[in-house]
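# Residue-level structure breakdown
In case you want the letters, here they are:
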Amino acid sequence: MVYYDPDGLRASDYEHPSDRAALAALKSIPVVDKLLAAYMDFNIKSSMYIQTKGDGFRVTGETYPRLYRLYETALRRLNMQKEPKLLLELSYEYNAYATGAGEPYIVLNSSSVRDATDEELLYLMGHELGHINSGHVLYHGLARILSNELTGIFRGFAPLISAGLMYSLYDWDRKSELTADRAGAIAAGGVENAIKYRIRTMGQGTCSRYVNFSLENVLSQYEDFDTSKDSVIGKLIYTVQTLPQSHPWSITRIKALTDWSETEQYQTVVHPARDA
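A short tour of the structure in this document, coming up. Each chain carries its own residue numbering, running from 1 in the direction its sequence is written. Selection of residues for local features in this predicted model requires a pLDDT of at least 70, selection of side-chain atom pairs for listing and counting requires 80 or more, and totals for whole chains, interfaces and linings are taken over all residues. Only hydrogens and water are removed before side-chain values are computed, so all heavy atoms of the structure are retained for them.

Take the environment of Gln-267 next. Relative to the elements of secondary structure, Gln-267 occurs in helix H13 (residues 264–274). The buried label goes to any residue with under 20% of its type's maximum accessible area, the exposed label to any with over 50%, and the partly exposed label to all in between, with areas taken from a 1.4 Å probe on protein chains only. Using a relative accessible area of 39% as the deciding quantity, one classes Gln-267 as partly exposed. Non-local contacts of Gln-267, meaning those with residues more than four positions away in its chain, are made with Ser-261 and Pro-272. Under the DSSP-based scheme used, a helix requires at least four consecutive residues in state H or I and a strand at least two consecutive residues in state E, with every element numbered from the N terminus. For this analysis, residues touch if any pair of their heavy atoms sits within 4.5 Å.

Okay, structure coming up:
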């Protein structure tokens, strides 16, 4: 099935400016091209690539009709040119990921599919499609491999890999999630469903009967969190704790989505996609 409309939505219509700026800065580092070439060769031969294809359950219209129909909706709303393969993987963690250097594909964790609503699954699949659509997957893979003690093929590059390069990779990595969250919100028909899933990952999925996980409470928690960074010590602690992280904290992602929902750009890209 063809979902792409050349006059339709583009990734540049919703990409977070911090993501674009950080990725441009990363691409300007001379050694990155050599590392990417080595990573692509490594990825094709890697055990993870082979294992995922062997262990993951392929989602199609025949094998999992409900999930595949949702996937078609996400593809259509994001105006994807290609349909990446979709796989299901046994896991007790709420998560999904996009991987594959030459031919990206998406893997959904079984716990997310079991517990999330249809709208939350649209967000989750749209989030990963957003990574693919914005060209994030290759650089994400490079960041994961370089952070893994420079094993195997990358040992020869160790003298070229500075702390500054790793900082740039991690900094962009976190900012890329803000773009993917926006893509997920478009696929889900609005930030409300994206935020519901993000709250689920904060613990709602295991204790929703006992706790009031409202957006108002989460935003109130964010205000306390944001105030704690005002001091010099607070800023230092925040920087040190987030420096090696590949993802922003959930609470900051929810605030970023909430802020974006109040912009003209949001109204322009979300409502036409939701009607598609």
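In the sections that follow, a salt bridge refers to a side-chain nitrogen of Lys or Arg positioned within 4 Å of a carboxyl oxygen of Asp or Glu. One pass over the structure, following the stated rule, counts nine salt bridges. With its nearest N and O atoms 2.8 Å apart, the salt bridge here joins Asp-118 to Arg-66. With Asp-118 in helix H6 (residues 118–133) and Arg-66 in helix H4 (residues 65–77), this residue pair connects regions lying 52 residues apart in the sequence. Taking the relative accessible area as the measure of exposure, Arg-66 reaches 31% and is therefore partly exposed. Put simply, Lys-255 and Asp-259 hold a salt bridge, and the shortest N to O gap is 2.9 Å. Taken as a pair, Lys-255 and Asp-259 lie in helix H12 (residues 250–260) at a separation of four residues, close to a single helical turn. Overall, Lys-255 belongs to the buried group, its relative accessible area being 18%. Via salt bridges that share partners, Glu-177, Asp-181 and Arg-253 belong to a single interconnected network.

It is worth spelling out the sheet that holds strand S2 (residues 85–89) at this point. The criterion for strand pairing is that DSSP finds at least two bridges linking the strands in question. Overall, mixed pairing links the four strands, which are arranged S1-S2-S4-S3 in an open sheet. Looking at the sheet topology across the chains shown, the edges are occupied by strand S1 (57–58) and strand S3 (96–99). Along the sheet face, H6 touches S2, S3 and strand S4 (105–109) and points at about 150° away from the line of S4. A fitted line through C-alpha atoms represents every axis, and for helices the fit uses only the stretch in contact; the resulting angles, taken between N-to-C directions, go from 0 to 180 degrees.

In this analysis a 1.4 Å probe is tested at points of a 1 Å grid over the protein atoms alone, and where it fits but cannot get out there is a cavity; an open set with protein on both sides within 12 Å along at least five of seven lines is a pocket; lining residues have an atom within 4 Å of a point. Grid points are joined across faces, edges and corners, and a volume is the space filled by probe spheres set on the points. In total, this model carries one cavity of 30 Å³ or more according to the counting rule given. Of the pockets and cavities examined, the largest cavity occupies roughly 50 Å³. Together, His-16, Leu-178, Asp-181, Arg-182, Arg-253, Ala-256, Leu-257 and Trp-260 line the largest cavity. Those elements giving two or more residues to the lining of the largest cavity turn out to be helix H8 (163–188) and H12. Take the lining of the largest cavity: its biggest share by element is four residues, from H12. Counted by class, the lining of the largest cavity contains four nonpolar, one polar and three charged residues. The residue classification treats Ala, Val, Leu, Ile, Met, Phe, Trp, Tyr, Cys and Pro as nonpolar and Asp, Glu, Lys and Arg as charged. All others, Gly included, are polar.

Let us now look at H6. A helix is expected to span 1.5 Å for every residue after the first. Given a rise of 1.5 Å per residue, 16 residues ought to cover 22 Å, and the 22 Å separating the end C-alpha atoms of H6 matches this to within 8%. Within H6, 13 of the 16 residues are buried, leaving the element largely enclosed by the surrounding structure. Remark: Gly-135 follows H6 within two positions and exhibits a positive phi of approximately 75°.

Our next topic: the packing of aromatic side chains. For any two aromatic rings, the description comes down to two numbers: the centre-to-centre distance and the angle of the planes. Ring geometry is summarised as follows: Phe, Tyr and Trp rings, the Trp one being its six-membered ring, pair when their centres sit within 6.5 Å, and such pairs are stacked at plane angles under 30 degrees, edge-to-face over 60 and tilted between the two. Taken as a whole and judged by the stated rule, the model has four aromatic pairs. Ring geometry for Tyr-123 and Tyr-197: centres 5.7 Å apart, planes at 45°, overall tilted. Of this pair, Tyr-123 sits in helix H6 while Tyr-197 sits in helix H9 (residues 191–207), placing them 74 residues apart in sequence. Using a relative accessible area of 0% as the deciding quantity, one classes Tyr-123 as buried.

Our focus in this paragraph is the side chain of Thr-252. Among the secondary structure elements, Thr-252 is positioned in helix H12. Among the polar contacts made by the side chain of Thr-252, one reaches the main-chain carbonyl oxygen of Trp-249 at a distance of 2.6 Å. Between N or O atoms, a polar contact is any pair within 3.5 Å; within protein, one atom must be a potential hydrogen donor and the other a potential acceptor, and residues adjacent in sequence are included only when both atoms are from side chains.

With that settled, consider the side chain of Ser-112. Considering the arrangement of structural elements, one finds Ser-112 in helix H5 (residues 110–115). A distance of 3.0 Å separates a polar atom in the side chain of Ser-112 from the backbone nitrogen of Asn-95. Ignoring anything within four residues of it in the chain, the contact list for Ser-112 reads Glu-93, Tyr-94, Asn-95, Leu-121, Leu-124 and Tyr-197.

This part covers the packing of H4 against H6. With their axes 9 Å apart at the nearest point, H4 and H6 run at an angle of 55° to one another. Put simply, H4 runs oblique to H6. Seen along the crossing, H4 lies across H6 with a hand that is right-handed. From H4, Arg-66, Leu-67, Leu-70, Tyr-71, Thr-73, Ala-74, Leu-75 and Arg-77 reach across to H6, where they touch Asp-118, Leu-121, Leu-122, Met-125, Gly-126 and Leu-129. Grouping the constituent residues of the contact of H4 with H6 by class yields nine nonpolar, two polar and three charged. For this classification, under 35 degrees means roughly parallel, over 145 means roughly antiparallel, 65 to 115 means roughly perpendicular, and everything else is oblique. What makes a crossing left-handed is the near helix being turned counterclockwise from the far one by less than a right angle; a clockwise turn instead makes it right-handed.

Moving residue by residue along a regular strand, the side chains alternate between the two faces of the sheet. With five of five residues buried, S4 is to be regarded as a mostly interior element. Along S4, one buried face is formed by Tyr-105, Val-107 and Asn-109 and the opposite face, lined by Ile-106 and Leu-108, is buried too. By the bridge criterion, five bridges tie S2 to S4 in an arrangement that is parallel. Following the sheet pairing, Leu-86 is matched in S4 by Ile-106. Pairing between S3 and S4: four bridges, direction antiparallel. Its bridge partner lying in S4, Tyr-97 is registered against Val-107.

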